[in-house]
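# Fold and contact review
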Amino acid sequence: MAAFAEVNYTADFHCEKNNQQHRTDEITTKRLIIRRGQTFQISVQVDRDECLIDHNNILFTAETGPKPTEPAGTKALFKISSINRRQWSGAIVSSTGTTLVLTVFPPPSAKIGQYTLALLRPIGFQMMRYKLGQFILLFNPWCKEDEVFLDSEEQRNEYVLNEDGIIYNGSCYQITSRSWYFGQFEEDIVDICLKILEKSNKCVSNPAKDYIRRNDPVYISRVVTAMINSADDKGVLTGKWSDPYTGGEYPWAWNGSVAILRQWYKGGLGAVRYGQCWVFAAVACTVLRCLGIPSRVVTNFNSAHDTNGNLTIEEEIDEFGKPRGELTWNFHVWVESWMARNDLKAGYDGWQALDPTPQEKSEGIYCCGPAPVKAIQEGAVEMKYDVPFVFAEVNADVVTWLRFRNGKKTKLSVDTRRVGKCISTKSCNSNYREDITHNYKHREGSQEEREIVNEAQLRNKLEPAQEVQFLVRLKADASVKHGSDIHAFVNISNHSLESRIFNLHLTAQILKYTGQTVKEVMAQRMNKIVVDKNEVKTVPLDIPFRVFCNCLENHQLIKLIAVVADARTNENAMAMRDIIVVRPAVSIKISGNAFLKREMTAEITFQNPLSEPLLDCVFTVEGIGLIDGMLKIRVPEIKANGEIRSEFPFVPYKAGLRKLMVDFDCNRMKDVKGFYNIPVQWC
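To keep things clear, this report deals only with the structure shown in the data block. Please read these numbers as outputs of a predicted model, since none were measured by experiment. (Residues numbered from 1 in each chain as written. Predicted model: local features only at pLDDT ≥ 70, side-chain atom pairs only at ≥ 80, totals over all residues. Heavy atoms only, no water.)

### With respect to the overall build of the protein
The test is simple: Segments assigned H or I by DSSP are reported as helices when at least four residues long, segments assigned E as strands when at least two residues long, and all are numbered from the N terminus. Should any heavy atoms of two residues lie within 4.5 Å, those residues are considered in contact. In this charge count, Lys and Arg are treated as positive and Asp and Glu as negative; neither His nor the chain ends contribute. All charge positions are set by atom: Lys at NZ, Arg at CZ, Asp at CG, Glu at CD.
When its secondary structure is counted, the protein shows 14 helices and 39 strands. Once the C-alpha set of the protein is aligned to its principal axes, its extents read approximately 110 × 60 × 40 Å. In the protein, once contacts between residues fewer than 6 apart in sequence are set aside, the share between residues at least 24 apart is 67%. Charge separation in the protein, taken as the distance between the mean sites of 83 positive and 82 negative side-chain charges, equals 2 Å.

Below, the structure is given as structure tokens:
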């Protein structure tokens, strides 16, 4: 027996070859990371020539989780005979007596996570166990039997393999974009993603039950969306939507997910400060792509947060044109993931909406989804999970009331078309925007759209607003450059058969993208505006940049509101207009071609658009595959209308198309972006 105890088995996991075949070599080739439903090859060798490997007399075991068992599906025991695509199995490739080359097959229903592979050999009445090594198993969008199978190579390249992305914001009238590094193939990110699953409330409270469900992308996606926010667990990000942002980063300062995930992991799993909706969604997309679930970031413009579930959003404006309470969100960002929905009746596979931004609880936890996009389009609000909530975000009606000082209210308008505009995501293999509104809803105002909303049985019957014989329009450009004045016009159209006298209240509000008022920067009142019958009277409105420059929020939205009252009848009408203040861009220039592991230089150029100096300037440079971590370049001052140029060296460490991104912050503006695509060649 002593001689037997001295026998050792070693394994070569052929990490480079296997990882290339499983499309995980971008993560690493130093350890085995594979996808379920696809074979991989290993070699097992015994260290004593006189002790031959008898494949008929050995077993293999693959185990995951704290207390693996066969009934739970966290432990698999299999012989080396032939491949069975419904269970863990293996087959011999070759044998020399002391070396056995074999193919191992993890079934497409296997639990994802870290596994230990061991060899079992009977010795006498005992079964000796020899640990061969560890590997990580992920979902497999290339496997037809996997629940995340996506039958498009173009989409798999974009929604699983692409580490760069674009997130859309601004307004539906002026859609802007920001680049984002998902970085799902940075080597340590896969370990951080598995740690996120391990630290979820579900795993902490009942690890055995949690590991049993780790084969299910529906379950995994709910765990991920719950863990990205820290509202009720040890999640990754803390949300904050107003100053001060002390003790953390401004939400708009982030350029990608990697820095956030690393900070959470290395910082003792304490929540990273701070995030807002696009940050939550982008980090969730990174985790889901890393685990093998095809995912993309989606922006919904004019998004409704329906708190009482009646598909109606109530807005109030006072008689002076000032909002009372919050308006609809200018935009909201969530994630879509591709998966089968075997827990639902047929027809609801495909894209599922997931929202990690903490808004409302779902089954007692702060997460949302996966809600089938098809169910949202059909108004199938009985479907799980959270279909009614997402349905309202893209379909709610907006009722605007005018509230007077005495407490009375007048219904100014019922808008059935404002919510759920220009639902956008990055298109495959390009930097263009794809409009996917049609996936969520039928054409606004169409018979199909109205019927589906009514059939949702969430709507109270809305009485129309009172009709008036005059019309108010606000005309202005959808955007102005940072540093420029705003020029707008109010048109009052008198459709009656007599001359009328009107009073006009004009206000300009700085708003957050969530609809909260930051500050009123302009208020004007004009009385006794005479408009003849069938006449259109134009009232110009100019707002100098100096009036609002110190109040701009980071999404830089200015809402103009015009309230017009008939001086004789007290009839009222209103118009609103959103204007985006567009920041200047950071210019990036690269000289020469980029080669792997060869130093090169980049130059940053920035032009100050203001007639005053910019102070405390910081350029933050990131680039997956180009720069390890973040590079900060500090400039004490950029003179009024002056230009700054700065050079820095870097050494690309990954080949392929890479993106260099720069974020610029100073005392007068933040979240100024620039990026440059760099094809890195092999030497």
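On we go.
### Observations regarding the nonpolar core
Here is the rule: Residue types Ala, Val, Leu, Ile, Met, Phe, Trp, Tyr and Cys, when buried and joined through side-chain atoms within 4.5 Å, form a set referred to as a nonpolar core. Throughout this description, buried means an accessible area under 20% of the type-specific maximum (1.4 Å probe, protein chains only), exposed means over 50%, and partly exposed covers the range between.
Counting 68 residues, the largest nonpolar core has Trp278 and Leu291 as its most contacted members. The element best represented in this core is helix α9 (residues 277-291), accounting for 13 residues. Filtering out sequence-adjacent residues up to four positions away, leucine 291 remains in contact with Ile112, Leu138, Phe139, Cys193, Leu194, Leu197, Ile220 and Val224. The next biggest cluster of nonpolar side chains, apart from the first, holds 64 residues, and it includes Phe470, Phe545, Cys617 and Ile644.

### What about the sheet that holds strand β33 (residues 594-595)?
This is how the line gets drawn: Whether two strands pair depends on DSSP finding at least two bridges between them.
The five strands are arranged β33-β39-β38-β35-β36 in an open sheet whose pairing can be described as mixed. This sheet does not close on itself; its edge strands, each paired only once, are β33 and β36 (631-638).

### A short note on the layout of surface pockets
Basically, it comes down to this: The method works on a 1 Å grid over the protein atoms by themselves. A cavity is a set of points holding a 1.4 Å probe that cannot get out, a pocket is an open set with protein on both sides within 12 Å along at least five of seven lines, and residues with an atom within 4 Å of a point line them. Grid points are joined across faces, edges and corners, and a volume is the space filled by probe spheres set on the points.
In this structure, the largest pocket encloses a volume near 910 Å³. For the lining of the largest pocket, the secondary structure elements donating two or more residues are β17 (329-339), β21 (409-415), β24 (470-476), β30 (557-566) and β31 (572-582). Ranked by residues supplied to the lining of the largest pocket, first place goes to β31 with seven residues.

### Some words on the sheet that holds strand β27 (residues 500-511)
Formally: Only C-alpha atoms enter the line fits that serve as axes; for helices the fit covers just the stretch in contact. Angles between N-to-C directions range over 0 to 180 degrees.
Strand order across the open sheet formed by five strands is β25-β31-β30-β27-β28, with mixed pairing between neighbours. Each of the sheet's edge strands pairs with one partner strand only, and the pair in question is β25 (479-481) and β28 (517-531). Strand-to-strand twist across the sheet, computed as the mean angle between neighbouring axes with direction ignored, equals 20°. As defined by bridge partners, β27 adjoins β28 across eleven bridges and the pair is classed as antiparallel.

### Concerning the pattern of salt bridges
Note that side chains of opposite charge can pair when their charged atoms are close. Here is the rule we go by: Whenever a carboxyl oxygen of Asp or Glu lies within 4 Å of a side-chain nitrogen of Lys or Arg, that contact is scored as a salt bridge.
This model, assessed by the stated rule, comprises 38 salt bridges. With its nearest N and O atoms 3.0 Å apart, the salt bridge here joins glutamate 26 to arginine 658. Residue glutamate 26 is found in the loop between α2 (15-21) and β2 (32-35), and its partner arginine 658 is found in strand β38 (residues 656-665); the two are separated by 632 residues along the sequence. For arginine 658, a relative accessible area of 7% translates into the label buried. Note that arginine 500 is salt-bridged to glutamate 571, the shortest N-O span being 2.7 Å. Note that arginine 500 is positioned in strand β27 and glutamate 571 in the loop between β30 and β31, a separation of 71 residues in sequence. One connected set of salt bridges, linked through shared partners, spans Arg178, Asp663, Asp671 and Lys673.

### Details of the side chain of threonine 410
Note on placement: threonine 410 falls in strand β21. Given a relative accessible area of 17%, threonine 410 falls into the buried group. Apart from the residues within four sequence positions on either side, threonine 410 is in contact with Thr400, Trp401, Leu402, Phe404 and Gln466.

### Observations concerning empty space enclosed by the protein
Tallied over the full model, the rule gives three cavities of 30 Å³ or more. If you add up the space inside the second largest cavity, you get close to 60 Å³. Lining the second largest cavity, in full, are Glu158, Tyr159, Asp164, Gly165, Ile166, Phe182, Arg289, Arg296, Val297, Thr425 and Lys426. Elements that contribute at least two residues to the lining of the second largest cavity include exactly α3 (153-161), β10 (164-171), β14 (295-303) and β22 (421-426). Broken down by element, the residue count for the lining of the second largest cavity peaks at three residues, all from β10.

### Quick notes on the packing of helix α4 (residues 189-198) against helix α8 (residues 258-266)
Cut-off, in case you're wondering: Should an angle fall under 35 degrees it is called roughly parallel, over 145 degrees roughly antiparallel, and 65 to 115 degrees roughly perpendicular, with every other angle called oblique. Throughout, a crossing is termed right-handed when the near helix is turned clockwise from the far one, and left-handed when it is turned anticlockwise from it by less than a right angle.
One can describe the packing of α4 onto α8 by two numbers: an axis separation of 10 Å at closest approach and a directional angle of 60°. Between α4 and α8, the crossing angle belongs to the class labelled oblique. For the pair α4 and α8, the sense of crossing is left-handed. Residue-level contacts link Ile189, Ile192, Lys195 and Ile196 of α4 to Val258, Leu261, Arg262, Trp264 and Tyr265 of α8.

### Thoughts on the packing of aromatic side chains
Inclusion rule: Each aromatic pair joins two rings of Phe, Tyr and Trp (for Trp, the six-membered one) with centres within 6.5 Å, and gets the label stacked for planes under 30 degrees apart, edge-to-face for over 60, and tilted for any other angle. Over a ring means this: the NZ of a Lys or the CZ of an Arg is within 6 Å of the ring centre and within 35 degrees of the ring normal.
Evaluated as defined, the whole model comprises 25 aromatic pairs. Seen in terms of ring centroids, tryptophan 88 and tyrosine 115 are 5.3 Å apart; in terms of plane orientation they differ by 50°. Their pairing is tilted. Taken as a pair, tryptophan 88 in the loop between β5 (75-78) and β6 (89-95) and tyrosine 115 in strand β8 (residues 113-123) lie far apart in primary sequence, 27 residues in all. Residue class for tryptophan 88 comes out buried when judged on its relative accessible area of 10%. Where tryptophan 88 meets phenylalanine 135, the ring centres are 6.3 Å apart and the plane angle is 55°; that geometry is what we call tilted. Of this pair, tryptophan 88 sits in the loop between β5 and β6 while phenylalanine 135 sits in strand β9 (residues 126-138); the two residues are 47 residues apart in sequence, bridging distant segments of the chain. Both residues of the pair, tryptophan 88 and phenylalanine 135, belong to the buried class. Put simply, the rings of Phe40, Phe60, Phe78, Trp88, Tyr115 and Phe135 pair up and form one aromatic cluster. Taking NZ or CZ as reference, arginine 222 lies 4.0 Å from the ring centre of tyrosine 385, over its face.

### Comments concerning the environment of phenylalanine 664
Assignment of secondary structure puts phenylalanine 664 in strand β38. We classify phenylalanine 664 as buried; its relative accessible area is 0%. As for phenylalanine 664 and threonine 225, which are separated by 439 residues in sequence, their C-alpha atoms are 30 Å apart. Leave out the neighbours within four places in its chain, and phenylalanine 664 touches Val586, Phe606, Leu614, Cys617, Val618, Phe619, Ile638, Met669, Lys670, Asp671 and Val672.

### Topic: the environment of cysteine 285
Relative to the assigned elements, cysteine 285 resides in helix α9. Owing to a relative accessible area of 0%, cysteine 285 belongs among the buried residues under this scheme. The spatial distance from the C-alpha of cysteine 285 to the C-alpha of glutamine 184 is 8.8 Å, given a sequence separation of 101 residues.

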